[in-house]
Structures are given as C-alpha cells and as structure tokens.
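Okay, here's what each chain looks like letter by letter:
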Amino acid sequence: MAKILIPTPLRPYTDKQDAVDASGATVGELLADLTRRHSGLKAHLFNDQGKLRSFVNVYVNDEDIRYLQKEQTPVNASDTVSIIPSVAGGVDTVEDVRRSDLGRMGEPLTNDEVKRYSRHLIMPEVGVDGQRKLKASKVLCIGAGGLGSPVAMYLAAAGVGTLGIVDFDTVDFSNLQRQILHGTPDVGRSKLASAKDKLHALNPEVDIQTYEVALSSQNAMQLFEPYDVVVDGTDNFPTRYLVNDACVLLGKPNAYGSIFRFEGQASVFATKDGPCYRCLYPEPPPPGLVPSCAEGGVLGVLPGLIGVIQATEAVKLIMGIGEPLIGRFLIYDALRMRFRELKLRKDPDCPVCGTHPTVTKLIDYEQFCGITPAAPEPVAVNHATEISSVELKQRLDRGDRPRIVDVREPNEYQINRIPGSELIPLGDVPKRYGELNPDEEIVVHCKMGGRSAKAADFLRSVGFKRVLNLKGGILDWIDKVDPSQPKY
Amino acid sequence: MSDGRLTISARVNEAIRRHGEETYPHECCGALVGRGDAVTDAVALPNTTEEGPRRRFLVRPSDYRLAEQRATELGGELLGFYHSHPDHPAKPSQYDLDHAWPTFAYVIVAVAAGASQAMTVWFLKDDRSIFEEGSLHHGENSHPDPAQTVHR
C-alpha cells in the first residue's frame, strides 16, 4: 500500500479525501488500483487510449516520473505519490481547428438514428462521437439555389442538427436544370417552402430554420451568430463580400463555393489563422466585367459537384477530421475534368482579417462593388435613348420599321427572337457596324437590356444618331407583347 | 465546487483584467482562491508555455503546488484558474477543453487590442464532453487593501 495525494479538482471522486491508499509495485499498477477504487477518476487521468493525459503529472516523493521510469517506476509502502495538475489552455490555432471540432457533442443517438447513420458510425473517423457532433452542429446555408441545393440536401442527410437557409426567391422554370431541391410542381413557390418540404422528407430529425430575407449588412451578424459554419452559396459579389466579412468578424468558418459556365471554385475561408476571401480578392471586379450565371450560363451538374465539396468541408470542420480546404483554393474545370489547387496565404494587410483591419464592421456592399441603385433618369433622356416593349409594338403596328438589332449570342437567338430582328452579337458590333446606316433609326436589344445598352453607347460613339435601347430586353418583350415565346 | 455559479469581488475582477492587459498580447494566467463559490483572491502565476504565449498558457506543476499552498495560507481553497484570450472571444477553445480539470472554475477574460472585454466562467462537464458556461456574479470586496488582492 502506498499513499496517493489527490489534488483539489479530483477530490470529489475520492469522497473528498486529499489522500487515499492504493496498492501496486509500480506507479502504473498503483494508478490502475486507484481508478478501480475510485472509478470517476479514470476519465480525467487517462485518455481514450488509456495513456496518462499530458497535463496529469505524477510525482514519486518529489520526482516527476517522466524523469524516473515513467509508469514502470517502482513504489514501496513508504513512498508518497502525488498527482499534480498542470493547468493549460489558450486560444485555438489552425492545428486545433484541424484536429478538433466545433466543440460540442450532441445528445446520445436514438435507435432510429443509429440505423439511419450506420454507414457513418462504422467508420472510426466518424463513429458515434462524430455523429453526435454533427447532431449538435448548426450550419447556415446562404441561398437555396444551385449550390444551396446539394449543400442542404447532403447536410440534412448527414444529420446536421440545425440547418438554416437564407433565400427570398421563388422557384422559376430556369432554376430546375440545376437546383435539385426544387421540382416542376414547385415553380412559383417560395424556394424556402420548397426546400423545407424536400429536406423534411429526406430527414425529419433535422431542425430546418428558414429566413425569407435578402441578406444585408443590417441582418447578417444577427443571422450568422447562432451558427457554427456558414456555407456561401451566393451568386453575386456584394453578397459574397458581405458573407466573408461577417464570417471574419464573427470568427465563423465560411465554406465557400462559386460557379460560372463550366468552372467552379471552392475553399474554406475565415478560420482563425486561415485566409479570407479578401486575402485572395481584396477588391471586387468592376461591375459588369464578370457576368452572372443568368447572363453567362452554367452547366447544370457543376453546382452539384462544387456544392458537395462545400458540404464535405462543413462536415469535416464539424467533426474535426481530415485536412480542411483552408489556405487552399480549388479550381475545377468541368470541360477538361481537371482540378487545380492554388496555395493561399493569410494577408497581414488584409483590410478585414489582417493585423490592422480597416473594416471592423459591415459596410455597404452594393456601393463597395460599384453597384449603386440606378437613379431614375429624366424622362426627356429616356425618350431619346430607350424604348419600351409596348411602344415598340405600337410603332411596328403603325407600320414604322426601325431596324431591330439583337446583340445576343447565336445560341440565344435560336431560343427566341423579335420578328424582323437581325443578329449582331455584342462582340461583333465594333467590326460589323458598317452594315448599319448611321442615319437610320435602330433599336438594339439583348436578354435583359444590359448588353444592348453597351452596344447603343458604342454606336452613338461612332456617330449613330438615332439608337434606342429596348428596356428590359426580350424578356420584357415576351412578358408584355408576345407571351407565346419561351423564356430562358 | 459550485452549481455553475461563481462570485468574484470587484478587486479580483479588476486584478484579472489588469493582469490580462499587462501581459497583452500574451496570455496571462493565475489561480482563483476563495471559499465555496466566492473568489476572494487572484494569485497571478507565470505563463510558462513553450508553445507561444500569444495563444497558450501553462501553469507548471511547481506553480500549481505554490497555488495550493497560497490558498491554504490565505485560509481558502483553490477554486480554479483564470486566463486571458488576447484578441479572441471569452469562450473556451478546444485546447482549453482538452486540458481541463473537473470541478475547477475557469475564468476567461477577452482582451482586445490591449483592453479587457467580456469575462466569463466555465466548468468542465463530468464526461469531459463540453465546457458549460457558469454565471459570474460580482460580490462585495472582502479585502480592505487592493494591493493585497493580486499575489505575485
């Protein structure tokens, strides 16, 4: 028998005694006997692998056993063995985020959950602990569109406890080619209502929280605050910068993804020591330079792949397994079927996550991205530069014959057109304007009015006198004049 | 041991904040001494970490013993430890959780750009799964002399 001195925090496990007896010829045997007698001590002295925890120090008389024979150190009845704490702590480093999780373990799993998640549970990297972490986790998905669809579906299927979704849009036919949360009968419904039905059917255990609002600098901090991870499924620059900045300010990881035509990107931003979106792109591109998916198109299966990468990263961060996509920027080319990876570093001069940040609260992101709400133009100017679909129709009906130039791409022209229009794609206008007469009245149009405004500016700059831009493009024409034509 | 409740005197509160501001941008650490759920003294201890004091603190075993000894001398008991989180919120990290002792109160003070911010108290759940936030109360001063409150 030897005497073991028990430190204050462990005394509740030894009936408040500061010294207890245990038997054994070595320190290892003595501790084994001690935990047999006082079973509550075990979890605090030993880790899951049965090794003494690093912050538990054992002294024989006044010598640390690390400098003797460790747990093989012999003890006899006259020795005094002391358990002495080291007290350690600190803030998490990237290494910890890598290794660890978001800190919480959910309630024990029910029998139904064990069945549902059995393919997770049998993998030691996930196991019951990992599944309980998922159950305790809260993930916020920005957008229920192309990226949000696979993100929300896989996260719900995987057993994330709370899934928040922010969106304010309604389901349109043009969404169905890629937004697999929504089906044909959902067209016209709110995306959130549609998403909630699908996700609930998939996994009724998940608490689906929906926020039917446009994400803004006024509501972002409050919306993000209860969540552990934010998944960015936005399709525009102002919101992307907003999501990034709010994540940095709140210290929430941002599982980022974006898609355009055949190319996708993904990374994990805004972890404690990792870079953020602004470390990569400090400034947004000039407005109009990078077209949106509505203008440039997107391969329907592409968001499936990128969204699933975002969901994978969210799940890994929550469970604390694997190597997260922190400090790495993944670029995927669907046509060539190739992945490239760029190394990203945290920029010490980053305006939001650097050492001396200049952005310490959310700003006006529309303004930051150069998109300010268009001021109403004076009516007189309107008459000279723009024409509405209805006006154009009335003039055509009266027998006026302005030349109608469609500046879209040939594949768009194949889908729908204004009768009597001729096609000169925007990119060809500078070399083909000679086909037009500068004194003639010309109406230019595109899908929504953006590209044709550029064409009109160009034509005026080279001396055309009477150029009118069709307001709202062919979409407005179809809405107001010719609903028989398809929209895209 | 408490039911997630800890009372600290105004001077202890002040002393912990000052200690965190003095050591900023490094972490400070120290012991909490008192009776029941009332902390009467904060014992500043050296941060002996070798992993970078901006993100870590370590109270080595010899200083732990010293803290127990000081607690006895002051007629109290060791109730827990405090440390600062420079430029991070006053929430326990995974590292804190991995290294936590049961029953101890863990007081964390956030220090942002050299100024102390929120102060919170946490207790390890018995199964070591999480830290549960306790309630921090501010009590009367029990020492007449403020200089006595921090023992270095």
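Residues numbered from 1 in each chain as written. Chains lettered and ligands numbered in written order. Predicted model: local features only at pLDDT ≥ 70, side-chain atom pairs only at ≥ 80, totals over all residues. Heavy atoms only, no water.

Chemist: Which residues make up the overall build of chain A, and what values go with them?
Modeler: Along the backbone of chain A there are 20 helices and 19 strands. When burial is assessed residue by residue, chain A has 50% of its 488 residues classed as buried. Counted over contacts in chain A with a minimum sequence separation of 6, partners at least 24 positions apart contribute 64%. Carbon and sulfur atoms make up 53% of the accessible area of chain A, which totals about 23,200 Å². (Helix = DSSP H or I, 4+ residues; strand = E, 2+ residues; numbered from the N terminus. Buried < 20%, exposed > 50% of the residue type's maximum accessible area, 1.4 Å probe, protein only. Contact = heavy atoms within 4.5 Å. Areas by Shrake-Rupley, 256 points an atom, 1.4 Å probe, with all protein chains shown as cover.)

Chemist: Give a description of the overall build of chain B that names residues and reports values.
Modeler: Of the regular secondary structure elements, chain B holds three helices and ten strands. Scanning chain B from its N terminus toward the C terminus, one meets helices and strands in the order β-α-β-β-β-α-β-α-β-β-β-β-β. Considering chain B as a whole, with its 152 residues, one finds that 54% of them fall into the buried category.

Chemist: Any chance you could break down the sheet that holds strand 19 (residues 466-470) of chain A for me, citing the residues and the numbers?
Modeler: All names here are of chain A. Strand order in the open sheet formed by five strands is 15-19-18-16-17, and the pairing between neighbours is parallel. Either end of the sheet is taken by a strand with one partner, and the two such strands are strand 15 (386-387) and strand 17 (422-423). Bridge analysis of strand 15 against strand 19 gives two bridges, and the strand direction is parallel. Across the sheet, glutamate 386 pairs through a bridge with asparagine 469, a residue of strand 19. (Pairing = 2+ DSSP bridges.)

Chemist: So what's going on with the pattern of salt bridges? Which residues, and what values?
Modeler: Residues and elements named next belong to chain A. Tallying each qualifying case throughout the model produces 31 salt bridges over all chains. Aspartate 186 is the partner of lysine 198 in a salt bridge, and the nearest nitrogen-oxygen pair spans 2.7 Å. Of the two residues, lysine 198 sits in helix 8 (residues 191-202) while aspartate 186 sits in the loop between strand 8 (162-166) and helix 8, which places them twelve residues apart along the sequence. Here lysine 198 falls in the partly exposed class, since its relative accessible area comes to 29%. (Salt bridge = Lys/Arg side-chain N within 4 Å of Asp/Glu carboxyl O.)

Chemist: Please set out helix 2 (residues 61-73) of chain B residue by residue, giving values where relevant.
Modeler: All names here are of chain B. Between its first and last C-alpha atoms helix 2 spans 18 Å; for 13 residues at 1.5 Å apiece the expected length is 18 Å, and the two agree. Regarding helix 2, the residues found buried are Pro61, Asp63, Tyr64, Ala67, Glu68 and Ala71. Axial view of helix 2: buried residues confined to an arc of 165°, hence all on one face. In helix 2, the exposed residues that point more than 90 degrees away from the buried face are Thr72 and Glu73. Immediately downstream of helix 2, the backbone of glycine 75 shows phi near 75°, a positive value. (Expected span 1.5 Å × (residues − 1). Arc of directions from axis to C-beta.)

Chemist: Hey, could you go over the interface of chain A and chain B for me, with residue numbers and the actual values?
Modeler: At the interface, 37 residues of chain A touch 34 residues of chain B. Roughly 3,200 Å² of surface becomes buried between chain A and chain B when both sides are summed, with 58% attributable to carbon and sulfur atoms. When the buried surface of chain A facing chain B is broken down by residue, A:Phe55, A:Val87 and A:Val91 rank first, second and third, together holding 22% of it. Between the two partners, chain A and chain B, sit two salt bridges. A salt bridge links B:Arg55 to A:Asp273; its shortest N-O distance comes to 3.0 Å. At the surface where chain A touches chain B, the tally comes to eleven residue pairs in polar contact (both at pLDDT 80 or more). Considering each element in turn, the side of chain A that touches chain B owes the most residues, four residues, to strand 6 (residues 87-90) of chain A. Looking at the side of chain A that touches chain B, its residues break down into 15 nonpolar, twelve polar and ten charged. Sheet topology places strand 6 of chain A next to strand 4 (residues 56-59) of chain B; four bridges connect them, and they run antiparallel. (Buried area = accessible area lost by both parts, 1.4 Å probe. Polar contact = N/O pair within 3.5 Å; in protein donor to acceptor, adjacent residues only side chain to side chain. Nonpolar A, V, L, I, M, F, W, Y, C, P; charged D, E, K, R; others polar.)

Chemist: Talk me through the sheet that holds strand 5 (residues 80-85) of chain A; I want residue IDs and the actual numbers.
Modeler: Pairing is mixed in the open sheet, where five strands are placed in the order 2-1-5-3-4 (chain A). Looking at which strands have only one partner, the edges of the open sheet turn out to be strand 2 (19-22) and strand 4 (63-64) of chain A. Pairing geometry for strand 3 (residues 56-60) of chain A and strand 4 of chain A, over two bridges, is antiparallel. Bridged to A:Tyr59 within strand 4 of chain A is A:Asp64. On top of the sheet, helix 1 (residues 27-37) of chain A reaches strand 1 (2-5), strand 2, strand 3 and strand 5 of chain A; it is set at about 110° to strand 2 of chain A, its chief contact. The strands that helix 2 of chain B touches are strand 3 and strand 5 of chain A; relative to strand 5 of chain A, the one it contacts most, it runs at about 95°. (Axes fitted to C-alpha atoms, helices over the stretch in contact; angles between N-to-C directions.)

Chemist: Could you give an account of the nonpolar core, with specific residues and numbers?
Modeler: Core analysis: the biggest nonpolar cluster contains 49 residues, and A:Ile4, A:Leu34, A:Leu45, A:Ile83, B:Leu78 and B:Phe81 have the highest contact counts within it. With near-sequence residues (within four places) excluded, A:Leu34 lies in contact with A:Ile4, A:Ile6, A:Val20, A:Ala22, A:Leu41, A:Leu45 and A:Ile83. Of all hydrophobic cores here, the second largest spans 41 residues; its members include A:Ala152, A:Ala158, A:Val268 and A:Tyr332. (Core = buried A, V, L, I, M, F, W, Y, C linked by side-chain atoms within 4.5 Å.)

Chemist: Lay out helix 8 of chain A with the relevant residues and their values.
Modeler: An α-helical turn contains 3.6 residues, so a residue and the one three or four places further along point in the same direction. End to end, helix 8 of chain A covers 16 Å across twelve residues, agreeing with the expected 16 Å (1.5 Å per residue, within 8%). Those residues of helix 8 of chain A that are buried are in contact with helix 7 (148-158), strand 8 and strand 9 (207-211) of chain A.

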